[in-house]
Amino acid sequence: MLEIKNLSVSVKNKIIINNLNLEIEKGKKVAIMGPNGSGKSTLSNVIAGKHGYQINDGQIFFNGINILDLDPEERAAKGIYLAFQYPVEIPGIANSSFLRTALNSIRKYNGEKDLNTREFLEECKDLSKRLNLDTSFLSRDLNTGFSGGEKKKNEIFHMLMMKPKLCILDEIDSGLDIDALKVISDGVSKYSNENNSMLIITHYQRLLDYIKPDEVHIFNEGKIIKSGDYNLVKTLEEKGYQEFV
Amino acid sequence: MTTSETAKIVEEASEYKYGFTTDIEQEFAPKGLNEDIVKFISKKKDEPQWLLDWRLNAFDMWKKREYDMPGWANLKYDNIDFQDIHYFAAPKSDEEKPKSLDEIDPELLRAYNKLGIPLKEQEFLAGIKNSHKVAVDAVFDSVSVATTFKDELNKLGIIFCSFSEAVQTHPELVKKYLGSVVPTNDNFFSNLNSAVFSDGSFVYIPPNVKCPMELSTYFRINAANTGQFERTLIIADRGSYVSYLEGCTAPMRDENQLHAAVVELVALEDAEIKYSTVQNWYPGDKNGNGGIYNFVTKRGTCLGDNSKISWTQVETGSAVTWKYPSVILKGNNSKGEFYSVALSNNMQQADTGTKMIHLGKNTSSRIVSKGISAGRGQQTYRGLVSVLPNAINARNFTQCDSLLIGNDCGAHTVPYINVRNELSDVAHEATTSKISEEQLYYCRQRGINEEDATALIVNGFCREVLKNLPMEFAVEAKKLLELSLEGAVG
């Protein structure tokens, strides 16, 4: 699904990602763990297409297409979804109308007709129940005045509505209480199947205990320094990053 | 042209056997402004002597200030030569008009298509030869719809007609209220308008009648070519209610660069007037060539106790906008509101805001202004909140937000607050923000392209104002904002 080859990225001439190679196969859940400032968020932004990064070298293939020249919205339309670490607030736009605009933009890009509004709203309501969200959450302004936990839940809510092929979860677990963490990881686990892939970026073990990744990579100074399966998470939790750095 | 030549034209024109609206080819006055021109206009409209005298008095006052145009607004434009303007110029003759849409600026057509305007209406708006009759039929489905509409209003005693018609049919009302809210010499442009006003709307709502529909100029069949010096007067008698819509979201072409309208609203005891405007005159091209200069005086008086006047405006057009819809809160417990969205893109300039003058006790006012600047646009909010000594317990709340798109535009806020008693409460909040890269990136990551994302964020920014517009107007206004923002990003 996603193939990163020899990727080098810098910001203001400082190298952040250094000759990275990473492959995420279809149906797999891949976790990247690493200390603060190791380049994890840069990686998710470069995959999603955020401007402001210098790509010095390398390619990123998504289902066989090099996506580095595509705009963020084109990548989104192809099925790449990023759950933001810090979701932005947009006052005056209801959460549900934002989501509908997003879905219809993607449908338009892919040559499909607009959503049926009623069906869309019903799906929204069903899903918000499953995620334990009050339905007022749909009519509130996008992320505006949401608590930290609500913002993160909303990212998962958008993800489940948009049904992407590749989900990048950028520290979705930061600032969550244990109940919210459970709701979110349940949502992610239920969505994960053989047709999509997950890239989970986190500091901590907690989330991974719920999601159970297939592969775990430890990231430092812009590259992978250790790879393994779920057991690596435990080792990391016991010994800390120092062991690997 | 000498005075005697003008007089000759006046004579010839007045002998012309067809009426003003039926055959326009022969209708014109030479460029320039003098007493004869004022007489010509009045004569063409077959006005009574008192109105001619009123115009002439206005002209006398204006003449003294002709070279004294106000310069305090934050606007830059070329000097206006008031002697180089037609004050009674008929629209172009059919021979001069474009023959089909093929001859129309493709940019304009693109705008029409984007707004989803039917072809027949497009032809009308673009001023295509012979398009008027067809368009009116297209708009109204058939004339009978408009007739039914008029019947319904008549039954309730509501008067809704052109200003010129009202002068003939209801002179006592016109005489009583004309100039009662905006005095002739109030300002340079109201003074000019008072001398040469062309036409506009007249509305009277009898006591205790709630007007059952939104009154729109769109529904007034003779509304075409009300001209550049529009004059509108709306009177809501005791306990009545009316919602009035002015303007059109479609970009209108107009040969006249200078527009100077006057709108007066009068709300008697317990009455309410809601006045909504969408202004989309030609803004000029990207480099600031052409475009309408719009100098408008709009004011309402809450004359009676417990009355209310509410202005809502969406201003996206014109090269220069100078406009301060205001409310004089004279009646006790009266309320004034001003909700505004003004957008300046490319080289557009807008200096707009409101005045809330609190005279009565327990009067309250609310101001919500949303200014959006893009391109090299300049946007100024200028507002006055004045609480006079007798306005005990007056309250005002002002929210004044500016949104910047790009690095070359400007937003300015000039609030004047004048409180003359200690028992009143005045609050002013202002913010200036920029659409952030993070907001755009978030939207784009969700599949929404940059242009749509900008429009979405702008719509959100304006929601508090847009929600005050009648439903169908609000939908159009949203589309209009999107259209006006084109080219503002990327």
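The model shown is predicted, which means the values in this text are computed figures rather than measured ones.

Colleague: Looking at this structure, how should I read the overall build of chain A?
Modeller: Helix and strand counts for chain A stand at nine helices and twelve strands. C-alpha atoms of chain A, sized along the principal axes, occupy 50 × 40 × 35 Å. Put simply, 68% of the contacts in chain A that link residues at least 6 apart link residues at least 24 apart. Surface exposure of chain A reaches about 11100 Å², of which carbon and sulfur atoms provide 44%. Once the 32 positive and 34 negative side-chain charges of chain A are each reduced to a mean point, those two points are 2 Å apart.

Colleague: Is there a simple way to explain the state of the cysteines in this structure?
Modeller: A covalent bond between the sulfur atoms of two cysteines is referred to as a disulfide. Residue and element names in this part refer to chain B. Counted by the stated rule, this structure contains zero disulfides over all chains. Distance from the sulfur of Cys409, which forms no disulfide, to the nearest cysteine sulfur (Cys462) is 14 Å. Judged by its relative accessible area of 14%, Cys409 is buried.

Colleague: Just to check I follow, could you spell out the sheet that holds strand β5 (residues 241-247) of chain B for this structure?
Modeller: Two orientations exist for strands paired in a sheet by backbone hydrogen bonds: parallel and antiparallel. Residues and elements named next belong to chain B. Pairing in this open sheet of eight strands is parallel, and the strands run β3-β5-β8-β10-β13-β15-β17-β19 from one edge to the other. Two strands in the sheet have a free side with no partner beyond their single neighbour: β3 (215-216) and β19 (425-434). As paired strands, strand β10 (residues 308-315) and strand β13 (residues 335-344) are joined by eight bridges and run parallel to one another. Residue Gln313 lies in a different strand from β13, and its bridge partner there is Ser340. Relative to strand β15 (residues 364-373), helix α12 (residues 450-466) is tilted by about 155°, and along the sheet it contacts β10, β13, β15 and β17 (395-404). Each of β5, β8 (272-279), β10 and β13 is contacted by helix α13 (residues 471-484), which is oriented at about 30° to β8, the strand it contacts most.

Colleague: How do you make sense of the environment of B:Ser42 when you look at a structure like this?
Modeller: Residue and element names in this part refer to chain B. Locating Ser42 in the fold gives a position in helix α2 (residues 35-44). Ser42 sits 387 residues away from Glu429 along the chain, and the two C-alpha atoms are 47 Å apart. In contact with Ser42, other than residues within four places in its own chain, are Glu47, Leu52 and Arg55. A distance of 2.7 Å separates the side chain of Ser42 from the side chain of Glu47, its partner in a polar contact.

Colleague: Just to check I follow, could you spell out the confidence of the model for chain B for this structure?
Modeller: Do not read the predicted coordinates in detail wherever pLDDT is low. Residues and elements named next belong to chain B. Mean pLDDT over chain B works out to 82, with 78% of the residues at or above the 70 mark. Across residues 9-26, where pLDDT falls below 50, the model places 19 contacts with residues more than four positions away in sequence or in other chains. Across residues 219-226 the pLDDT falls below 50, and counting only partners more than four positions away or on other chains, this stretch makes 21 contacts in the model. Among the prediction metrics, the complex's ipTM stands at 0.96, with pTM recorded as 0.82.

Colleague: Explain the interface of chain A and chain B here, please?
Modeller: Size of an interface: often given as the accessible area lost when the parts come together. Between chain A and chain B, the residue contacts involve 32 residues of the former and 18 residues of the latter. On the chain A side of the interface with chain B, the three residues burying the most area are A:Glu73, A:Phe84 and A:Val88, jointly 25% of the side's total. Taken together, chain A and chain B are joined by five salt bridges. Residue B:Arg444 is joined to A:Glu73 by a salt bridge in which the shortest nitrogen-to-oxygen separation is 2.7 Å. Classifying every residue of the side of chain A that touches chain B gives 18 nonpolar, eight polar and six charged.

Colleague: Help me understand the pattern of salt bridges, please; the structure alone is not making it clear to me.
Modeller: Side-chain pairing between opposite charges can occur once the charged atoms of the two side chains come close. Enumeration over the complete set of coordinates arrives at 25 salt bridges over all chains. One salt bridge in this structure joins B:Arg446 and A:Glu155, with 2.5 Å as the shortest N-O distance. Of this pair, B:Arg446 sits in the loop between α11 (437-445) and α12 while A:Glu155 sits in helix α6 (residues 148-162), placing the two residues on different chains. A relative accessible area of 0% means that B:Arg446 is categorised as buried. Residue class for A:Glu155 comes out buried when judged on its relative accessible area of 0%. The salt bridge involving B:Asp351 is made with B:Arg382; its shortest N-O contact spans 2.7 Å. With B:Asp351 in strand β14 (residues 349-358) and B:Arg382 in strand β16 (residues 378-387), this pair connects stretches of sequence that are 31 residues apart. For the pair shown, B:Asp351 and B:Arg382 are each scored as buried. One connected set of salt bridges, linked through shared partners, spans A:Asp71, A:Glu73, B:Arg444 and B:Glu450.

Colleague: Just to check I follow, could you spell out unusual backbone geometry for this structure?
Modeller: Keep in mind that most residues, glycine aside, have a negative phi and that most peptide bonds are trans. Of note, A:Asn132 is a non-glycine position whose phi angle comes to about 65°, a positive value. Mapping A:Asn132 onto the fold places it in the loop between α4 (117-130) and α5 (136-139). With a relative accessible area of 60%, A:Asn132 lands in the exposed category. One non-glycine residue with positive phi stands out, namely B:Asn208, at about 60°. Given the relative accessible area of 57%, B:Asn208 is considered exposed.

Colleague: Sorry if this is basic, but what is going on with the environment of B:Leu258 here?
Modeller: Residues and elements named next belong to chain B. Structurally, the position occupied by Leu258 is in strand β6 (residues 258-259). The spacing of Leu258 and Val320 is 62 residues in sequence and 9.6 Å in space, taken between C-alpha atoms. Beyond its immediate stretch of four places on either side in the chain, Leu258 contacts Ile80, Phe82, Ile85, Phe189, Leu192, Gln228, Phe229, Tyr293 and Phe295.

Colleague: Looking at this structure, how should I read the sheet that holds strand β1 (residues 2-11) of chain A?
Modeller: All names here are of chain A. In spatial order, the strands read β2-β1-β4-β5; together these four strands make up an open sheet with antiparallel pairing. This sheet does not close on itself; its edge strands, each paired only once, are β2 (14-24) and β5 (65-66). With seven bridges connecting them, β1 and strand β4 (residues 54-62) associate as antiparallel partners. Residue pairing in the sheet places Ser8 in a bridge with Asp57 of β4. Across the sheet, helix α1 (residues 40-48) lies against β1, β2 and β4, angled at about 115° from β1, the strand it touches most.

About the thresholds
- Residues numbered from 1 in each chain as written.
- Chains lettered and ligands numbered in written order.
- Predicted model: local features only at pLDDT ≥ 70, side-chain atom pairs only at ≥ 80, totals over all residues.
- Heavy atoms only, no water.
- Helix = DSSP H or I, 4+ residues; strand = E, 2+ residues; numbered from the N terminus.
- Contact = heavy atoms within 4.5 Å.
- Areas by Shrake-Rupley, 256 points an atom, 1.4 Å probe, with all protein chains shown as cover.
- Lys, Arg positive; Asp, Glu negative; His and termini not counted.
- Charge placed at Lys NZ, Arg CZ, Asp CG, Glu CD.
- Disulfide = S-S within 2.5 Å.
- Buried < 20%, exposed > 50% of the residue type's maximum accessible area, 1.4 Å probe, protein only.
- Pairing = 2+ DSSP bridges.
- Axes fitted to C-alpha atoms, helices over the stretch in contact; angles between N-to-C directions.
- Polar contact = N/O pair within 3.5 Å; in protein donor to acceptor, adjacent residues only side chain to side chain.
- pLDDT = per-residue confidence, 0-100.
- Buried area = accessible area lost by both parts, 1.4 Å probe.
- Salt bridge = Lys/Arg side-chain N within 4 Å of Asp/Glu carboxyl O.
- Nonpolar A, V, L, I, M, F, W, Y, C, P; charged D, E, K, R; others polar.

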